[in-house]
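Structural characterization, general
Here is what each chain is made of, one letter per residue.
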Amino acid sequence: MPARPRAKPRPKPRPARASGRAWQRMLSGRRLDLLDPSPLDVEIADIAHGLARVARWNGQTAGAQIFSVAQHSLLVETIAHASARLNRGRRLAALLHDAPEYVIGDMISPFKAVIGDAYKAVEERLTAAIHLRFGLPARLADDWTDMIKSADRAAAHLEATRLAGFSEAEATRLFGRPPTISAIIERDYLTPWPAEVAEARYLNRFERLAHD
């Protein structure tokens, strides 16, 4: 008897839409569907406003202000560009690397590990919508991703030791060796800014990269 042909693997289904609300209204007036986000509902003003009010490290940082995801994103883009002199597209991708957190917040890595794939699936769909909205590939090439991850780890090491109470040894074990940075980066990017400053600086950097 001939062997039965193997069934083709089924694509992973999107999560079932709950009976409750699965969208968020933004200050721009957009309604962003979290299960099926459209690039047409993504606005940079909403991203900047949200990220400037989301705390890194669950708020466990020194200083009178939170260290926001907007400020972290600017630090990552600055480190990435300083190390490799990136083109406009790669710099924009670095700036937007945590943009989905304007909707889903900054969940620390240990908690992401507890939740598993559900968080990752939502994050990936939001990332794709954001990238398409601003002229980037929905999924970045591996070398782009590696570049951003390297700068992200470098930023995490700096934040951990300057702001979040980690020792150099502990930060090196978790995030890799400390990066070499200029005194300008140290001074300008590692003192927490008020939310309105972080928002304005994020928007300003976006405008420079999007329209150069």
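We now turn to the structure provided with this report.

About the thresholds
- Residues numbered from 1 in each chain as written.
- Predicted model: local features only at pLDDT ≥ 70, side-chain atom pairs only at ≥ 80, totals over all residues.
- Heavy atoms only, no water.
- Helix = DSSP H or I, 4+ residues; strand = E, 2+ residues; numbered from the N terminus.
- Buried < 20%, exposed > 50% of the residue type's maximum accessible area, 1.4 Å probe, protein only.
- Contact = heavy atoms within 4.5 Å.
- Areas by Shrake-Rupley, 256 points an atom, 1.4 Å probe, with all protein chains shown as cover.
- Axes fitted to C-alpha atoms, helices over the stretch in contact; angles between N-to-C directions.
- Left-handed = near helix turned anticlockwise from the far one by under 90°.
- Nonpolar A, V, L, I, M, F, W, Y, C, P; charged D, E, K, R; others polar.
- Polar contact = N/O pair within 3.5 Å; in protein donor to acceptor, adjacent residues only side chain to side chain.
- Phe/Tyr/Trp six-rings, centres within 6.5 Å; stacked < 30°, edge-to-face > 60°.
- Core = buried A, V, L, I, M, F, W, Y, C linked by side-chain atoms within 4.5 Å.
- Salt bridge = Lys/Arg side-chain N within 4 Å of Asp/Glu carboxyl O.

Each helix and strand in the protein chain was counted, giving ten helices and two strands. Counting from the amino terminus, the protein chain carries its helices and strands in the arrangement β-β-α-α-α-α-α-α-α-α-α-α. For the protein chain, buried positions account for 43% of its 212 residues. The long-range share in the protein chain, meaning contacts at least 24 apart out of those at least 6 apart in sequence, stands at 62%. Surface exposure of the protein chain reaches about 12300 Å², of which carbon and sulfur atoms provide 53%.

With that settled, the discussion passes to helix 1 (residues 44–51). The buried fraction of helix 1 amounts to six of the eight residues, a majority that puts the element mostly inside the structure. Against helix 2 (69–84), helix 4 (101–104), helix 6 (117–133) and helix 10 (195–211) lie the buried residues of helix 1.

One way to put it is that helix 2 packs onto helix 3 (residues 88–95) with a least axis distance of 8 Å and a crossing angle of 150°. Considering only the axes of helix 2 and helix 3, their crossing is right-handed. Between helix 2 and helix 3, the residues in contact are Ser 73, Leu 74, Val 76, Glu 77 and His 81 and Arg 91, Ala 94 and Leu 95, respectively. Of the residues that constitute the contact of helix 2 with helix 3, the class distribution is four nonpolar, two polar and two charged.

In the Ramachandran plot, Trp 57 falls in the positive-phi region, its phi being about 60° despite a non-glycine side chain. Counting through the fold element by element, Trp 57 comes out in the loop between helix 1 and helix 2. One non-glycine residue, Asn 58, adopts positive backbone phi at about 55°. The residue Asn 58 is located in the loop between helix 1 and helix 2 in this model.

All right, on to helix 3 then. The buried fraction of helix 3 amounts to six of the eight residues, a majority that puts the element mostly inside the structure. Residues of helix 3 that are buried include every one of Gly 89, Arg 91, Leu 92, Ala 93, Ala 94 and Leu 95, and no others. Considering only its buried residues, helix 3 is in contact with helix 2, helix 7 (142–162) and helix 10. By the N-cap criterion, in which a side-chain oxygen at the helix start approaches the backbone nitrogen of a residue two or three places on, helix 3 is capped by Asn 87, the distance to Gly 89 being 3.2 Å.

What the rule picks out here adds up to five aromatic pairs. A ring pair is formed by Trp 57 and Phe 175, whose centres lie 5.9 Å apart and whose planes are at 85°; its orientation type is edge-to-face. Taken together, the residues span a long stretch of sequence, with Trp 57 in the loop between helix 1 and helix 2 and Phe 175 in helix 8 (residues 168–175) at a distance of 118 residues. Measuring from ring centre to ring centre gives 6.2 Å for Phe 166 and Phe 175, while their planes differ by 50°; the resulting arrangement is tilted.

We now examine the nonpolar core. Nonpolar side chains in soluble globular proteins tend to be buried together. Ile 47, Leu 96, Tyr 102, Phe 134 and Tyr 202 are the most contacted members of the largest nonpolar core, which has 49 residues in total. Looking at this core, the elements that each hand over two or more residues are helix 1, helix 2, helix 3, helix 4, helix 6, helix 7, helix 9 (183–189) and helix 10. Counting residues in hydrophobic clusters, the runner-up holds five residues, among them Trp 57, Ala 156, Ala 160 and Ala 164.

The next thing to look at is the pattern of salt bridges. Within this structure, the stated rule accounts for eleven salt bridges. Note that Glu 43 and Arg 30 form a salt bridge whose closest N and O atoms lie 3.0 Å from each other. Separated by 13 residues along the polypeptide, Glu 43 in the loop between strand 2 (31–33) and helix 1 and Arg 30 in the loop between strand 1 (23–25) and strand 2 bring together distant segments of the chain. The closest approach of N and O atoms between Glu 77 and Arg 205, which form a salt bridge, is 2.4 Å. Here Glu 77, found in helix 2, pairs with Arg 205, found in helix 10; they are 128 residues apart in sequence, far enough to count as distant. On the accessibility criterion, Glu 77 (1% relative accessible area) is buried.

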